[in-house]
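Reading the structure
Below, each chain spelled out in residue letters.
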Amino acid sequence: MKILVCISKAPDTTSKIAFTEGNTKFDENGIQYIINPYDEWYALVRALEIKEAGNADVTIITVGSAADEAIMRKALAIGADNAIRIDADPKDAYFTAVQIANYAKTNAFDLILTGKETINYNGSQVAGMIAEILDFPLISQASKLDINGSSLSLEREIIGGLQVVEVAMPAVVSCAKGMAEQRIPNMRGIMAARTKPLTVLPPVTADELTSFVSYSVPNSKSAVKLIDPMNMDELVELLHNEAKVI
Amino acid sequence: MILVYVNSSNGLSKAALETVTYAKKLGNEVVVLTNGKASSESLICLGEYGATKVLVDRMVDGEDPQQLTRLISAVVQNIGAKTVIFSHDLIGKAVAPRLSVRLQAGLIAGAISIPDADGAVKVNVFSGKAIGNVKVSSDIKIISLLPNSIQPEKTGANCPVEETNGLGGAAAIKVISTKKPEGEILLPEAELVVSAGRGLKGPENWGMIENLAKSLGAATACSRPVADIGWRPHHEHVGQTGVAIRPNLYIAIGISGAIQHLAGVNGSKVIVVVNTDAEAPFFKAADYGVVGDAFDVIPKLTAAINKFKESQN
Ligand SMILES: Cc1cc2nc3c(=O)[nH]c(=O)nc-3n(C[C@H](O)[C@H](O)[C@H](O)COP(=O)(O)OP(=O)(O)OC[C@H]3O[C@@H](n4cnc5c(N)ncnc54)[C@H](O)[C@@H]3O)c2cc1C
Ligand SMILES: Nc1ncnc2c1ncn2[C@@H]1O[C@H](COP(=O)(O)O)[C@@H](O)[C@H]1O
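Small disclaimer: the values here were computed from a predicted structure and weren't measured. (Residues numbered from 1 in each chain as written. Chains lettered and ligands numbered in written order. Predicted model: local features only at pLDDT ≥ 70, side-chain atom pairs only at ≥ 80, totals over all residues. Heavy atoms only, no water.)

All names here are of chain A. C6, D39, T118, S124 and Q125 are the nearest of the 19 residues found near ligand 2. C6 places a main-chain nitrogen or oxygen 2.8 Å from an oxygen atom of ligand 2. Between ligand 2 and the protein, one listed contact pairs a nitrogen atom with a backbone N or O atom of I7 at 3.5 Å. Compared with its free state, where it exposes 490 Å², ligand 2 has 93% of that area covered by protein. Looking at the shell around ligand 2, the elements with two or more residues in it are β6 (57-64), α3 (93-105) and β8 (111-115). Considering each element in turn, the shell around ligand 2 owes the most residues, three residues, to β6. Considering only residue class, the shell around ligand 2 consists of seven nonpolar, ten polar and two charged. (Near = heavy atom within 4 Å. Polar contact = N/O pair within 3.5 Å; in protein donor to acceptor, adjacent residues only side chain to side chain. Areas by Shrake-Rupley, 256 points an atom, 1.4 Å probe, with all protein chains shown as cover. Helix = DSSP H or I, 4+ residues; strand = E, 2+ residues; numbered from the N terminus. Nonpolar A, V, L, I, M, F, W, Y, C, P; charged D, E, K, R; others polar.)

Residues and elements named next belong to chain B. Along its sequence, chain B is carved into domain 1 (2-163) and domain 2 (187-312). The C-alpha-based centres of domain 1 and domain 2 are spaced at 31 Å. Listed as interface residues are 13 residues of domain 1 and, on the opposing side, eleven residues of domain 2. A combined buried area of about 830 Å² lies between domain 1 and domain 2, and 39% of that area is made up of carbon and sulfur atoms. Where domain 1 meets domain 2, there are one salt bridge. The partner of E191 in a salt bridge is K14, with the nearest N and O atoms 3.5 Å apart. Our count for the domain 1 to domain 2 interface comes out at three residue pairs in polar contact (both at pLDDT 80 or more). Its residues assigned to classes, the side of domain 1 that touches domain 2 shows four nonpolar, seven polar and two charged. (Domains from an automatic or database assignment. Contact = heavy atoms within 4.5 Å. Buried area = accessible area lost by both parts, 1.4 Å probe. Salt bridge = Lys/Arg side-chain N within 4 Å of Asp/Glu carboxyl O.)

In this section: the site of ligand 1. In the neighbourhood of ligand 1, 27 residues make up the surrounding shell, with S223(B), S256(B), Q260(B), H261(B) and N275(B) lying closest. Neighbouring residues of ligand 1 are not confined to a single chain but are spread across chains A and B. Note that an oxygen atom of ligand 1 is positioned 2.8 Å from one of the backbone N or O atoms of R198(B). Within the side chain of Q260(B), an N or O atom sits 2.7 Å from an oxygen atom of ligand 1. Relative to its free-state accessible area of 990 Å², ligand 1 is covered by the protein chains to the extent of 79%. Contributions of two or more residues to the shell around ligand 1 are made by α6 (224-228), α7 (259-265) and α8 (294-312) of chain B. A per-class count over the shell around ligand 1 returns seven nonpolar, 15 polar and five charged.

See the structure below:
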């Protein structure tokens, strides 16, 4: 079977977030990029486990610039078979989804995996958009995924609980915690990644439906008010009268 | 015309009332679409929050985003809606992007404000470390509202409820079983949250956390290592890789305040931190702080809350 894993970059979680050009552009100065954690720890590793358990071919795809090849090589080092980079700035979720769906259309994937969201824009949009363009079912925020012949058996989060569901392939699945365990690439993987194919393809034209016009950084909190640990009545009084939350 | 999609399979949640209130702030004609078994008597009250009409599809159970998308898009076309509102919850995150493609309508995911004079809407980006202003270029706009961004407001009276069936088609996803914890307050919707971390030393010490939560009527949460070592269930894990929450009050006990933890809770309106270490980074993000041992402080705090609750009666 053929699995496509969507890999996006994200700033390392300890990055300082700042903006330039009159607060209209993310300041990339000094930013270290990593693979978006959900894409790496859950989507990619689960795809590799499926491959190891049977017979699957795992392709990763990234919509991004040449600079993103560093994180793509890491995904290859962890174990993906080959990589596709769509050479374009991922302007918005729709533009990105059109690129991925367009590649998927010509390559008959049985399963398309994404992370549950990117940690920079936190939109949870791309998976649903790919699924709609391809007219595939979507199982979002899955925490367990097993292959059953030509169907998938999944566990997913629902509002206030967990659900076990089944669906026929092809399908799109967005992956959340529980799906797999993080893997650290080993030396052999890193060496092998250097010679694995990384194909660069031009984008197809697609409209942007949304745009970020500006950014702001929230005001930092005023200093913490310290309360005497022996005086919890005071804390309760403040939460009631000053903060008005109880 | 504004269409709001509301999930009512567990009754009407606060998030549902928030989306209707939000829609009412954008325009006067608000149609609410829902599905499933909720009784018409329970749905008419959506009028109080601003709905002019409720449509309900009894044949769609809401488990398949593809089916829900077909239903919502048919209703958008039938009523000529120009704006569609969702809650940015598990259903909204699955359905709104599909609808965006189907209608070629831009989606503002996770809105925390109403559109400004230029039509830009605020959303959290970089795990809450910044705010972005997003604009939509298409004729139809879709907005998914981050839960707990506005308070539900009653402004009207009961409204009519009509059935609309047969627009969704068949579901592709087959539900095998559903597990729902009984009687607990759901973390993503909770207004008050009591959370604890590794400072608690072991799972046997969570009794005092549960007692505090019970006296407040709060949900319980935890840091990631605590869920990873199995002291607490995974669904309680908050933070960048867990659930992101924005309650009115977040009480963090024995949690150091690592940046990945803060990413999931820094939208909380008020943060109280209890930690033995006065240098713990969490104090920088806190409104109120108690430097002290949780094992002393928490029983005292619970007693103070109980005393306060009694005085309120
Ligand atoms: C990519 C990535 C993603 C991550 N995602 C998350 C996430 O989503 N959520 C998350 O929580 N973490 C996440 N982490 C882990 C995070 O970095 C921290 O390691 C974690 O939050 C620490 O948990 P803790 O505060 O419970 O434990 P610790 O850091 O061990 O802190 C325990 C605290 O308890 C205090 N303490 C000790 N005894 C007492 C006492 N008797 N009374 C009161 N206080 C006491 C100590 O002073 C200390 O501050 C992530 C890490 C990475 C690298
Ligand atoms: N530029 C991109 N290239 C490849 N995959 C992406 C890209 N952006 C997002 N994705 C995938 O879509 C998921 C959800 O992203 P988002 O909709 O931005 O929250 C991510 O976890 C990735 O798997």
